[in-house]
Amino acid sequence: MEALKGVKILDFTHVQSGPTCTQLLAWFGADVIKVERPGVGDATRKQLVDVPGADSLYFTMLNHNKRSLTLNTKNETGKEVLTRLVKECDVLVENFAPGAMERMGFGWEQIQAINPRMIMASVKGFGPGPFEDCKVYENIAQCAGGAASTTGFNDGVPLVTGAQIGDSGTGLHLALGIVTALYHRTHSGKGQRVLASMQDGVLNLCRVKLRDQQRLAAGPLTEYSQHGEGTPFGDTTPRAGNDSGGGQPGRILKCKGWEQDPNAYTYFITQAAAWPKICDAIGKPEWKEDPDYATPNARLTRLNEVFGAIEDWTMTKSKYEVMDICNPLDIPVGPILSMKEIAAEQSLRDTGTIVEVDHPERGAYLTVGCPVKLSASPADVQRSPLLGEHNDEILRDVLGYDGEDLEAVWNSGAVGDRPAQAAE
Ligand code: COA
């Protein structure tokens, strides 16, 4: 059974951060009603369009298992409908620019007054403070949350990462806040305000880099490659290239075919416990006993030489052969997988992590399914809704509009144009 069955989510989210949150809640079984501007909808519906006239992959891949209601919340009837929705739903989720809900007349105080049990959850770029009024997108969050200053190579510019830690990462944080507030409500009987700022979310994921900032006071960060290379440390956590963050040095190394294939690489970790097996595998058995190489501390100043020798070996193997040889020896390695390889990976299809979905406007497409698996409540990925697809159904079944009342809502223009079949 769906774990969040019976929970109604009033979903005012758009773009990526908020929609990832409500999509997760929908996969866990909540009834997510996505409210969009009539005739316009979430801006991502028409961004990065690949099939003319159809909702984009940007939108479809972030809005599965939701229902769509178009509602002009600045129209008087629209406000009445919204007030009924607030009474009816358990959680309101939004990620508008700061102040938008208040300008709409539905800030936290008004929401509480209408429904004291309601949980109001928001993604904002920044928490309270000097930047609280700023609009924020993914890469700004990666920069302001500390990720960019610690990503990239030491002699290069700061880098952002392809993992959407600002948007999807903050959506995850918000989802956790919402289910926690729902649990709290089971004994308090009251809703509460849940705020996840993108800067906070990114910083939470960069926790180990703030750790290193403080360790700098005690001397150089010896596990960073720059230590062995003799590059002095400054007064801030540096960019660490592909060094592994912990005490087990690791790097990305070339594999057979790297000259043609941009992803013919493996991540290789020289875990201390696996060192003798690594030496045997790469044909350096003498390093097992040599005091210059035998201990992790001795190796720290010669990481370039050590990884150079390992790479001489990995370059003779494909990234999958490296995996096949090293895994049975308990040497931690991982291939650099391209999106093309991931899309074709059968085991990810088998677990529902990669799902093929059919869509009436665009046909079949691939998406990422629910990344968290619940044994008693498996997620069933359903296509995203068309704009306003569930207007009539939500007005009738969720809000109980009928007869003249329903006609009045339609005639007010608050939900946009009435589709032909609904007017019959
Ligand atoms: N009916 C009527 N008006 C509606 C509406 C509806 N159903 N839905 C939205 N609107 C209005 C809002 O009330 C707001 O109007 P206002 O500014 O006059 O008060 C307006 O549409 C647009 O909201 P806004 O959030 O400012 O959109 P934007 O496209 O200018 O900004 C972001 C986009 C993402 C930069 C901004 O929303 C933001 O900073 N959000 C918080 C951080 C975040 O989540 N960023 C990551 C996004 S992936």
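J.: Break down the pattern of salt bridges for me, with residues and values.
T.: Counted according to the given criterion, the structure contains 22 salt bridges. Glutamate 223 is the partner of arginine 215 in a salt bridge, and the nearest nitrogen-oxygen pair spans 2.9 Å. Using a relative accessible area of 33% as the deciding quantity, one classes arginine 215 as partly exposed. The buried category is assigned to glutamate 223, whose relative accessible area is 9%. One salt-bridge network, in which partners are shared between bridges, spans Glu36, Arg45, Lys46 and Asp55.

J.: Please provide a residue-by-residue account of empty space enclosed by the protein, values included.
T.: Counted under the stated rule, the structure contains 1 cavity of 30 Å³ or more. When its volume is computed, the largest cavity comes out at roughly 40 Å³. In terms of lining residues, the largest cavity is bounded by Lys209, Asp212, Glu223, Tyr224, Ala240, Asp243, Ser244 and Gly245. Broken down by class, the residue content of the lining of the largest cavity amounts to 2 nonpolar, 2 polar and 4 charged.

J.: Just give me the short version of a positive patch on the surface, but keep the residues and values in it.
T.: On the surface, a cluster of positive charge is contributed by Arg37, Lys74, Arg103 and Lys135. With respect to the helices and strands, lysine 74 occurs in the loop between strand E3 (66-70) and helix H3 (76-88). When its relative accessible area of 65% is taken as the criterion, lysine 74 is described as exposed.

Reading guide: rules and limits
Residues numbered from 1 in each chain as written. Predicted model: local features only at pLDDT ≥ 70, side-chain atom pairs only at ≥ 80, totals over all residues. Heavy atoms only, no water. Salt bridge = Lys/Arg side-chain N within 4 Å of Asp/Glu carboxyl O. Buried < 20%, exposed > 50% of the residue type's maximum accessible area, 1.4 Å probe, protein only. 1 Å grid on protein atoms, 1.4 Å probe; cavity = no way out; pocket = protein on both sides within 12 Å on 5 of 7 lines; lining within 4 Å. Points joined across faces, edges and corners; volume = space filled by probe spheres on them. Nonpolar A, V, L, I, M, F, W, Y, C, P; charged D, E, K, R; others polar. Patch = residues over 30% accessible without salt bridge, like charges linked within 9 Å, V, L, I, M, F, W, Y side chains within 5 Å. Areas by Shrake-Rupley, 256 points an atom, 1.4 Å probe, with all protein chains shown as cover. Lys, Arg positive; Asp, Glu negative; His and termini not counted. Charge placed at Lys NZ, Arg CZ, Asp CG, Glu CD. Helix = DSSP H or I, 4+ residues; strand = E, 2+ residues; numbered from the N terminus.

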